[in-house]
Amino acid sequence: MAGKPPTGDPVQDAPDVAAPQHAAAGLPAIAHTLRVAQQQMGVRRTALTLLKVNQKDGFDCPGCAWPEPDKRHAAEFCENGAKAVAEEATLRRVTPDFFAAHPVADLATRSGYWLGQQGRLTHPMYLAEGAASYEPVTWERAFDLIAEELHALTSPDEALFYTSGRTSNEAAFLYQLFAREFGTNNLPDCSNMCHESSGSALTETIGVGKGSVLLEDLYQADLIIVAGQNPGTNHPRMLSALEKAKAGGTKIITVNPLPEAGMERFKNPQNARGLAGVGTPLTDLFLQIRLGGDQALFRTLGRLVLETEGAVDTDFIREHTHGFEEYERTARAADWDETLRATGLRRAEIEEALRMILASRRTVVCWAMGLTQHKHAVPTIKEVVNLLLLRGDIGRPGAGVCPVRGHSNVQGDRTMGIFERPSAAFLDALEKEFDFTPPREHGLDVVRAIRALRDGDAKVFFAMGGNFVAASPDTEVTEAAMRRARLTVHVSTKLNRSHVITGARALILPTLGRTERDRQSGGDQFVTVEDSMGMVHASRGRLEPASPHLLSEPAIVCRLARRVLGAESTTPWEEFEKDYATIRDRVSRVVPGFEDFNARLARPGGFTLPHAPRDERRFPTATGKANFTAAPVEYPKAPEGRLLLQTLRSHDQYNTTIYGLDDRYRGIKNGRRVVLVNPDDARTLGLADGTYADLVSEWTDGTERRAPGFRVVHYPTAPGCAAAYYPETNVLVPLDHTADTSNTPASKSLVIRLEQADPA
């Protein structure tokens, strides 16, 4: 039988700490997966559900965006994917009686973990102005309330339409269409907070803001560099791909301020070596870099390649690139002393990395938020591109750029038009297909949306999924901004912090999950997603919906559009809700690469979107070539007695969803308020292991941002660096501390001081 949700919020002020582990997955991962799944779903539902995850006739995992191989294992899921499925397919329910028993003031005191453990939402709920509790509301009344507030705005730009990366292609396309017919490009999304820096850098340098590799390229690579990424926790199925690459002779360099168990050794639970043996060592060279030193590292590696006779692919550079001469002048001036200060590495380590690069004919560089969430994130990623261009490693099999995305359809949402700065070509195609004039003025991203709410320039906030309040920076500022809204609306499957930090009025609209059967008047429907490598495939839920009162995301958008836009809209919203194939027909005429969308989905496993640099060695940039760049080297600096803090996930977590209170790979149990500090730094600061400290961030605005009561854990971090979990540490991230160009919150390079605190 599935267990009941916790009734009390567990105390987290005394976590247990053991030594970090040096291998990931194996039998413990299987045991933990089954225990969590059975607690949420029961034995029979667990078996029926997990065997359909990521299968060609099943549903796409609601977790990460790592692609599936063509030949799939019967258990094509990882531990964290199983947790995500279990929480969606749970037998626990949050009914109107729950809200009657728990006023909003009570829910606001609960942890995000407790809220998420309560189960699936079953009814649309409404919090009236001045009311203490949410009450059930009909769907018709909910749409009337939204229409009332939207029609009362003095400008469509006073509305914000946020999107989570779990939204399907079909729902995302309809959502952006509705927002633009309403009259705004205010379409902030979770990309603004994670991989916006990747898109900005890649669009300028290679002409496509996506990765240029497929799974097969990883298997063919001579060298894979994994920088600023922890696959063992954030994308565990990537470890299987790295293991397969290693079996073919691939070498791996890991660049990270923290040693991570998954990159040390992988015990694949799908084979005997992983279950009963020692597993597979993955990393050949570990570069324990200082936070934010990656740009300096890649710049110096570029200099060393330039200085090595025969190492530069001169034919590729001559035929396919622009700006090489300026880059060469800048790179040759790279200073060793500055590089060693910025990276914290030894010269011998960098020279060993060079030898591995020179020995490789095909190199792939993978990265995630460890590179994207710094002030100088965009120049850092451009420096990665520079190194690959020097070697001709973009547009050849087994080589290229691989930004590893988070949520399962975050890349697809952007492809479908969820973007506050749409291209003129996209808007032209939308106008031609739907016979209306889309707004051309750029809209607001996440950071600018929070400012608009704070300043009273935005009054309605509508979220298609996600947990905006917990995911956003500068928690106190974000929460105060949300409370200034006239109406906040969240389309959700489960409770989260954003439901209890509300505007004057608030709605919770419960929706179907990926695991559930989607029945419309036109018959059973399926949706599609795009993975991190540009593969598009179908997702078909099999379970009965958690409640008869749920609507699918496409249905919610269609009914909202009909109510808000009325007869002035000629878009066939009712037809779209009835049959999602009609949505895909329109997508095929608006979005390049989706021609014959429905017909191509007939192939099991879906299809691959075109990528000009990968497929043709054609670079659709402003210059018509791949662009070398030569930005000044930057890296964060902490004054004496201060540390650089990175926010990160625990292993029992996916983004802001907390599955449990353990981080077993790092040796943390029953707690999340821990700060990982290099033992030498901790001793210098007078902080013994097990003492408690407040984390206080220091920034140019002089505002004190404090996260109190963190247990100090002596941990093998890079000297001068520390790490702690978000969303607990988002309070430390200034709203205006963002990456240049991309405006992504710079959550990986916070200057903090640690003030000793009373454990009580």
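Further up the page is the structure itself.
In this report, we go over the structure that sits alongside the text. Computed from a predicted model, the values in this text were never measured in an experiment.

Attention shifts here to the pairing of strand E33 (residues 750-757). Across the eight residues of E33, six count as buried, placing the element largely inside the fold. Relative to E33, strand E30 (residues 692-697) runs antiparallel, the two sharing six bridges. For tyrosine 692, the partnering residue across the bridge sits in E33 and is alanine 757.

All chains considered together, the criterion is met by 22 aromatic pairs. Relative to tyrosine 134, the ring of phenylalanine 99 lies with its centre 5.5 Å away and its plane at 65°, an arrangement referred to as edge-to-face. With phenylalanine 99 in helix H4 (residues 96-101) and tyrosine 134 in the loop between strand E5 (125-127) and strand E6 (135-136), this residue pair connects regions lying 35 residues apart in the sequence. Per residue, the accessibility class of phenylalanine 99 equals that of tyrosine 134, and both read buried. Arranged with centres 5.1 Å apart and planes meeting at 25°, the rings of tyrosine 327 and phenylalanine 628 form a pair that is stacked.

Here the focus is empty space enclosed by the protein. Tallied over the entire structure, the rule returns six cavities of 30 Å³ or more. Space inside the largest cavity adds up to approximately 80 Å³. Lining of the largest cavity is provided by 14 residues; of these, Gly63, Cys64, Cys78, Asn80 and Gly81 occupy positions nearest its centre. Among the elements that line the lining of the largest cavity, the one with the most residues is helix H3 (residues 79-88), at three residues. Residue composition of the lining of the largest cavity, grouped by class: eight nonpolar, five polar and one charged.

This part covers helix H26 (residues 475-483). Residues of H26 that are buried include every one of Thr475, Thr478, Glu479, Ala481 and Met482, and no others. All buried residues of H26 project into a common sector of 160° when viewed along the axis, lining one side.

On to the environment of arginine 486. Tracing the backbone through its elements, the reader meets arginine 486 in the loop between H26 and strand E17 (487-492). Sequence separation of arginine 486 and alanine 504 is 18 residues, and the distance between their C-alpha atoms is 5.0 Å. Separated by 3.4 Å, the side chains of arginine 486 and glutamate 149 make a polar contact.

What counts and what doesn't
- Residues numbered from 1 in each chain as written.
- Predicted model: local features only at pLDDT ≥ 70, side-chain atom pairs only at ≥ 80, totals over all residues.
- Heavy atoms only, no water.
- Buried < 20%, exposed > 50% of the residue type's maximum accessible area, 1.4 Å probe, protein only.
- Helix = DSSP H or I, 4+ residues; strand = E, 2+ residues; numbered from the N terminus.
- Pairing = 2+ DSSP bridges.
- Phe/Tyr/Trp six-rings, centres within 6.5 Å; stacked < 30°, edge-to-face > 60°.
- 1 Å grid on protein atoms, 1.4 Å probe; cavity = no way out; pocket = protein on both sides within 12 Å on 5 of 7 lines; lining within 4 Å.
- Points joined across faces, edges and corners; volume = space filled by probe spheres on them.
- Nonpolar A, V, L, I, M, F, W, Y, C, P; charged D, E, K, R; others polar.
- Arc of directions from axis to C-beta.
- Polar contact = N/O pair within 3.5 Å; in protein donor to acceptor, adjacent residues only side chain to side chain.

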